[in-house]
4 protein chains.
Amino acid sequence: MANSKYEYVKLFEVEDKLMPSTWIVVRIDGRHFQQFSEEHEFEKPNDERALKLMNACAKATIEEFPDIVFSYGFSDEYSFVFKKTTEFYNRRSSKIVSVTVSFFTSVYVMKWKEFFLDKDLKSAPSFDARTICYPSTKIVRDYLARRQDVCHINNQYNTCLWMLIGSGMTESEAQAELVGKQKQDKNEILFQRFHINYAELPAIFRKGSCVFKVRETDSGISVKRGRTEVVIDHCDIIRDKFWKNHVNILKDK
Amino acid sequence: MANSKYEYVKLFEVEDKLMPSTWIVVRIDGRHFQQFSEEHEFEKPNDERALKLMNACAKATIEEFPDIVFSYGFSDEYSFVFKKTTEFYNRRSSKIVSVTVSFFTSVYVMKWKEFFLDKDLKSAPSFDARTICYPSTKIVRDYLARRQDVCHINNQYNTCLWMLIGSGMTESEAQAELVGKQKQDKNEILFQRFHINYAELPAIFRKGSCVFKVRETDSGISVKRGRTEVVIDHCDIIRDKFWKNHVNILKDK
Amino acid sequence: MANSKYEYVKLFEVEDKLMPSTWIVVRIDGRHFQQFSEEHEFEKPNDERALKLMNACAKATIEEFPDIVFSYGFSDEYSFVFKKTTEFYNRRSSKIVSVTVSFFTSVYVMKWKEFFLDKDLKSAPSFDARTICYPSTKIVRDYLARRQDVCHINNQYNTCLWMLIGSGMTESEAQAELVGKQKQDKNEILFQRFHINYAELPAIFRKGSCVFKVRETDSGISVKRGRTEVVIDHCDIIRDKFWKNHVNILKDK
Amino acid sequence: MANSKYEYVKLFEVEDKLMPSTWIVVRIDGRHFQQFSEEHEFEKPNDERALKLMNACAKATIEEFPDIVFSYGFSDEYSFVFKKTTEFYNRRSSKIVSVTVSFFTSVYVMKWKEFFLDKDLKSAPSFDARTICYPSTKIVRDYLARRQDVCHINNQYNTCLWMLIGSGMTESEAQAELVGKQKQDKNEILFQRFHINYAELPAIFRKGSCVFKVRETDSGISVKRGRTEVVIDHCDIIRDKFWKNHVNILKDK
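Definitions and limits used
Residues numbered from 1 in each chain as written. Chains lettered and ligands numbered in written order. Predicted model: local features only at pLDDT ≥ 70, side-chain atom pairs only at ≥ 80, totals over all residues. Heavy atoms only, no water. Pairing = 2+ DSSP bridges. Helix = DSSP H or I, 4+ residues; strand = E, 2+ residues; numbered from the N terminus. Axes fitted to C-alpha atoms, helices over the stretch in contact; angles between N-to-C directions. Contact = heavy atoms within 4.5 Å. Buried < 20%, exposed > 50% of the residue type's maximum accessible area, 1.4 Å probe, protein only. Polar contact = N/O pair within 3.5 Å; in protein donor to acceptor, adjacent residues only side chain to side chain. Buried area = accessible area lost by both parts, 1.4 Å probe. Salt bridge = Lys/Arg side-chain N within 4 Å of Asp/Glu carboxyl O. Nonpolar A, V, L, I, M, F, W, Y, C, P; charged D, E, K, R; others polar. UniProt positions renumbered as here; feature names shortened; annotations may be inferred. Least-squares fit on C-alpha atoms with pLDDT ≥ 70 in both. Parallel < 35°, antiparallel > 145°, perpendicular 65-115°, else oblique. Left-handed = near helix turned anticlockwise from the far one by under 90°. pLDDT = per-residue confidence, 0-100.

1. Looking at the sheet that holds strand S2 (residues 68-74) of chain C
All names here are of chain C. Taken in spatial order, the six strands of this open sheet run S4-S1-S3-S2-S5-S6, and their pairing is antiparallel. The strands lining the two open edges of the sheet, one partner per strand, are strand S4 (127-134) and strand S6 (228-233). Across the sheet, the mean angle separating the axes of adjacent strands is 20 degrees when strand polarity is ignored. Note: strand S1 (residues 23-30) against strand S3 (residues 77-82), six bridges, orientation antiparallel. Of the residues in S3, the one forming a bridge with Val-26 is Phe-80. Lying on the sheet, helix H3 (residues 48-64) is in contact with S2, S3, S4, strand S5 (209-215) and S6; it crosses S5 at an angle near 35 degrees.

Put into structure tokens, the structure is as follows:
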């Protein structure tokens, strides 16, 4: 294809390879999801159908791209961890980020009706995404711990906020009530005023969702001989226990 | 949100701002579309429904993101030109590329049924994407000229190929027949053997599609007073004429 | 050279090509030059020998690297403009920045004694450097205008400061005196208290130094037939006049 | 400094921070050193004065920049390893590379006369440089192993080449003689024809030079209590022994 005269425009393309031998994380975030969730009347503070749709998309994504070893999400965000040695799209950042977010979005629209039986999509949902590289297993675990920490902080806040609103406050009154409150204070509000024990709320709200592959050798899970299965779980990924039970996930390979 | 201990993981995020005062092009390409088009029985060498679906997605994209001043596509690719002065997502490359491809994909799935009335989506379509910056108007025009050149070369080749196959050759016989043939030779094959005048094939196949905004002041197009309309056209964008009639499109602003 | 086992470490090298068809500026800045200038007893606010040494280094640099079309410096900084079409080191940023600063530094040490006859170098002078790309001639001119603006602001301030110190104030008293003073105020101080007309100070202090090549065709300069000469001048590069007289310098080529 | 109108040119500067928590290597290479070494009549295949000058520059560099934990060089190249946690110039690549190469060059010129008593510098020596990041200790060790491997291969080749030339061959005859020869063959040539036992040549030629800090706790080296000293050595850095004796050097800190 010798279209000589214009060929030079290719020289402006930038080689955006990510550093070899580092964990690549792609994080997807809902774009304008505040508005999108209102338009589609998501339940507050958590809409279980919406969360399960996100999880189904993550599961499809992990099945589509074999180099993803783990994913974690909550609310309208999801993080996908590609293995350290991945050569997916030659480690080109824009390819990896675009293909991941495009596939995820595609599944989101296709599966919408499975989770929102009675609701049509009124507008096109979309997500932004970025890649981040982590040079060690310790740091990628800290990354995941941070996302779960953010999940907890946001969920506890939102749970309080929407209970206060449900009890008759305006949104700004409820926000004012929560200014400067510590974690413990918020649990007190929930317990004292609404008889809610935060620790007893569904794990999917409090812990978010992990989607990952398990093999028969992983402890505590029964998978058919020689098979790999994709599992959705709502476990703690901050402490060591989970990672000790699943040493294969972040193994250097 | 003082989750101090893990906060440091944010430092690994890279600032990927694109050079100010340059035209930003986002090019989207179908991923595994060879397979996708077979699975959904696209007509060869061109499926008009598939092309019109792509155009509808481009139109929705240009309406969603006001800083896109022009777009051009053919087959399973589309290029979007953002204006030189855009501050869209602070010119961060990964944000721009991910949001554009995600929105485009979302519309592709949502509008599928409008164009393929009788066909369900059997798998999730996805696209890769990249950003490219061009420092001058001349070079961004050369970029677009190149894409239209590629459209022409591919379409002429594919038209010959599928006519030969239709006439009884196997795919590899047809490919062998075309090896080393120049543009003129291919037109001869079409004319001599199949009585096809290449220049009379539909412009959407030969020229691809341009999607852009027109204002009432643009020549030759009637748009309501004070209104901007998004137009789909299949014109020549290599020669000067189009750009002289639409000086606003690539104006520095 | 088949040292297979370790060869892979080369994959970690990043391709850092600068965007084609943009002006490349390399700016060099003295590292710890406050300390270096005290150690070598530079005159305050300006040491003419030190400035002339910088200019000699710039001249040698422009003679060594033919793709540099213009350079401008003051105090301990110098900017080198490479032509838009340069393929110097394949436009690799780290190569360009390192070779330029290394050569400049080398000449600085070699020529030291020419300008500081009676002083030995007591410590190794060094410079940091960066590359910056500019997509248009207008913007590279604005870059140069900004450097000359900074030269003016710094020089006016330092001239006032050192005159006040010379008149008996401590450094902090002099600084306090100048807080919040506008350009006009500072000229007043110089004129009223010290009978100095700022506009009559040497141009090398007020305007900085331009080093560039002239050909016989450039107006107002006599160069031998067919020859290119490197000239050091202290002219205004903010207004159009200089650039009109030297249209070749920033011509696209 | 409110020089508003031109201030915007600063936006074109790129943030080039290197990934946190990775080893940063700066490698310096002589520019046009073939020519430089001929001009200054360096001895072939190795000029001990030139190598010792390089080592003296490396020593000065390591003393100037405390975050350099190790350096290794041979011929006209030197690699400096900055510790993983360094915040030197905020990890900005262009700053690190430029300051290191500038300081090294400065010392090279200043110390020239110490090593070449009878020779004046006839032209300005200069070096290019690059930064490379390595995410793990293993890989940075492989990087250093590779450089020592290259040193060995080059030195063995050059030793043969210059012995052949010394015995009466032209340079191209000598090169032809060595085409396709393996390591063992080259040792044979040296031994059979010139009675040279390659393993007995000076270590500085065969192994290159390591420059690093030692503390009194390091094994096998006597340093004054509580002191750190910079040592120049010509040891093997491919095998584990050296690193076991100097565990502090590449410790995460």
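2. Some remarks on the environment of His-40 of chain A
Residue and element names in this part refer to chain A. Position of His-40 among the secondary structure elements: in the loop between helix H2 (33-39) and helix H3 (48-64). For His-40, a relative accessible area of 1% corresponds to the buried category. Considered as a pair, His-40 and Phe-116 are 76 residues apart in the sequence and their alpha carbons are 9.4 Å apart. A distance of 2.9 Å separates a polar atom in the side chain of His-40 from the backbone oxygen of Phe-36. Polar side-chain contacts of His-40 include one of 2.8 Å to the backbone nitrogen of Lys-122.

3. Description of the sheet that holds strand S4 (residues 127-134) of chain B
All names here are of chain B. Spatial ordering of the open sheet is given by S4-S1-S3-S2-S5-S6, a layout of six strands whose pairing is antiparallel. Strand pairing shows two members of the sheet lacking a second neighbour, S4 and strand S6 (228-233), which therefore form its edges. This sheet shows a mean twist of 20 degrees between the axes of neighbouring strands, independent of strand direction. Strand direction decides the pairing type here: strand S2 (residues 68-74) and strand S5 (residues 209-215), joined by four bridges, are antiparallel. Paired with Gly-73 across the two strands is Ser-209, which belongs to S5. Of the strands in this sheet, strand S1 (23-30), S2, strand S3 (77-82) and S4 are in contact with helix H5 (residues 137-166), which crosses S2 at around 20 degrees.

4. As for the interface of chain D and chain B
Each side of the interface is counted separately: chain D has six residues, and chain B has six residues. Carbon and sulfur atoms make up 74% of the surface buried where chain D meets chain B, a total of about 500 Å² over both sides. Our enumeration of links across chain D and chain B arrives at zero salt bridges. On the surface where chain D and chain B come into contact, there are zero residue pairs in polar contact (both at pLDDT 80 or more). Tallied by class, the residues present in the side of chain D that touches chain B amount to four nonpolar, one polar and one charged.

5. Here we look at the UniProt feature "binding site: Mg(2+) 2" (unreviewed entry) in chain A
All names here are of chain A. The UniProt record marks Asp-29 and Asp-76 with the feature "binding site: Mg(2+) 2" (unreviewed entry), using the residue numbering of this structure. Annotated residues spanning 48 residues; largest pairwise C-alpha distance 5.8 Å, indicating a single compact cluster. Locating Asp-29 in the fold gives a position in strand S1 (residues 23-30). What makes Asp-29 buried here is its relative accessible area of 16%. Filtering out sequence-adjacent residues up to four positions away, Asp-29 remains in contact with Asp-76, Glu-77, Ser-126, Phe-127, Asp-128 and Arg-130. Here Asp-76 lies in the loop between strand S2 (68-74) and strand S3 (77-82). Beyond its immediate chain neighbours, meaning those up to four positions away, Asp-76 contacts Ile-28, Asp-29, Gly-30, Phe-33, Met-54 and Phe-127.

6. What about the relation of the copies chain B and chain A?
Here chain B sits on chain A after a turn of 180 degrees about the axis and a move of 0.0 Å along it, with an RMSD of 0.0 Å. As the rotation angle and translation indicate, the two copies are arranged about a two-fold axis. The share of interface residues of chain B whose copies in chain A are also at the interface is 100%, consistent with both copies meeting through the same surface.

7. Some words on the packing of helix H4 (residues 93-115) of chain C against helix H4 (residues 93-115) of chain D
Between H4 of chain C and H4 of chain D, whose axes approach to 8 Å, the crossing angle comes to 30 degrees. Classified by the angle their axes make, H4 of chain C and H4 of chain D are roughly parallel. The way H4 of chain C lies across H4 of chain D gives a crossing that is right-handed. Across the interface between the two elements, Val-97, Ser-98, Val-101, Ser-102, Thr-105, Ser-106, Val-109 and Met-110 of chain C of H4 of chain C pack against Val-97, Ser-98, Val-101, Ser-102, Thr-105, Ser-106, Val-109 and Met-110 of chain D of H4 of chain D. Here the residues of the contact of H4 of chain C with H4 of chain D sort into eight nonpolar, eight polar and no charged.

8. Digging into the confidence of the model for chain A
Considering every residue of chain A, the mean pLDDT works out to 94; 94% of them sit at 70 or more. Interface predicted TM-score (ipTM) for the complex: 0.94; the corresponding pTM is 0.95.

9. A few points about the pairing of S3 of chain B
Residue and element names in this part refer to chain B. Buried residues dominate S3, accounting for six of its six residues. Neither face of S3 is left uncovered, since the one carrying Glu-77, Ser-79 and Val-81 and the one carrying Tyr-78, Phe-80 and Phe-82 both have all their residues buried. Where S2 and S3 come together, six bridges link them in antiparallel fashion. Note that in S3 the partner of Phe-70 across the bridge is Val-81. With antiparallel pairing between neighbouring strands as the criterion, S2 and S3 make up a hairpin whose turn holds two residues, including Ser-75 at a positive phi of roughly 45 degrees.

10. Some points on the interface of chain B and chain A
The interface is formed by 52 residues belonging to chain B together with 52 residues belonging to chain A. Across the chain B/chain A interface, buried area totals approximately 4500 Å², and carbon plus sulfur atoms make up 60% of it. The three residues of chain B that bury the most area against chain A are Tyr-6, Arg-31 and Arg-146 of chain B, which together make up 15% of that side's buried surface. Remark: the boundary between chain B and chain A carries 10 salt bridges. Glu-13 of chain B serves as the salt-bridge partner of Arg-130 of chain A, at 3.0 Å between the closest nitrogen and oxygen. At the boundary of chain B and chain A, one finds 20 residue pairs in polar contact (both at pLDDT 80 or more). Elements supplying a minimum of two residues to the side of chain B that touches chain A: helix H1 (4-7), helix H4 (93-115), S4 and H5 of chain B. Here the side of chain B that touches chain A takes 13 residues from H4 of chain B, the largest share from any one element.

11. Examining the relation of the copies chain D and chain B
In screw terms, the move from chain D to chain B is a rotation of 180 degrees and a rise of 0.0 Å along the axis, fitting with an RMSD of 0.0 Å. Most of the interface of chain D is mirrored in chain B: 100% of its interface residues are interface residues there too.

12. Examining the UniProt feature "binding site: GTP" (unreviewed entry) in chain A
Residue and element names in this part refer to chain A. Those residues carrying the UniProt feature "binding site: GTP" (unreviewed entry) are Ser-75 and Asp-76 in this numbering. Leaving out residues up to four positions away in the same chain, Ser-75 has contacts with Leu-51 and Met-54. A polar side-chain atom of Ser-75 sits 3.5 Å from a polar atom in the side chain of Asp-76.

13. Observations regarding the pattern of salt bridges
Enumeration according to the criterion identifies 81 salt bridges over all chains in this entry. Where Arg-49 of chain B meets Asp-47 of chain B, a salt bridge forms, and the shortest distance between an N and an O atom there is 2.5 Å. We classify Arg-49 of chain B as partly exposed; its relative accessible area is 24%. Taking the shortest distance from any N to any O, the salt bridge between Glu-114 of chain C and Lys-111 of chain C comes out at 3.7 Å. With Glu-114 of chain C and Lys-111 of chain C both in helix H4 and three residues apart, this pair spans about one turn of that helix. Three or more residues joined by partner-sharing salt bridges are found here, namely Arg-27, Asp-29 and Arg-130 of chain C together with Lys-10 and Glu-13 of chain D.

14. Things to note about the environment of Lys-207 of chain A
All names here are of chain A. Among the structural elements, Lys-207 can be located in the loop between helix H8 (203-206) and strand S5 (209-215). Lys-207 sits in the partly exposed class, given a relative accessible area of 23%. Residues Lys-207 and Asn-248, spaced 41 residues apart in sequence, show a C-alpha to C-alpha distance of 22 Å. If we ignore the near neighbours within four places in the chain, the residues touching Lys-207 are Tyr-72, Gln-148, Cys-151, His-234, Cys-235 and Asp-236.

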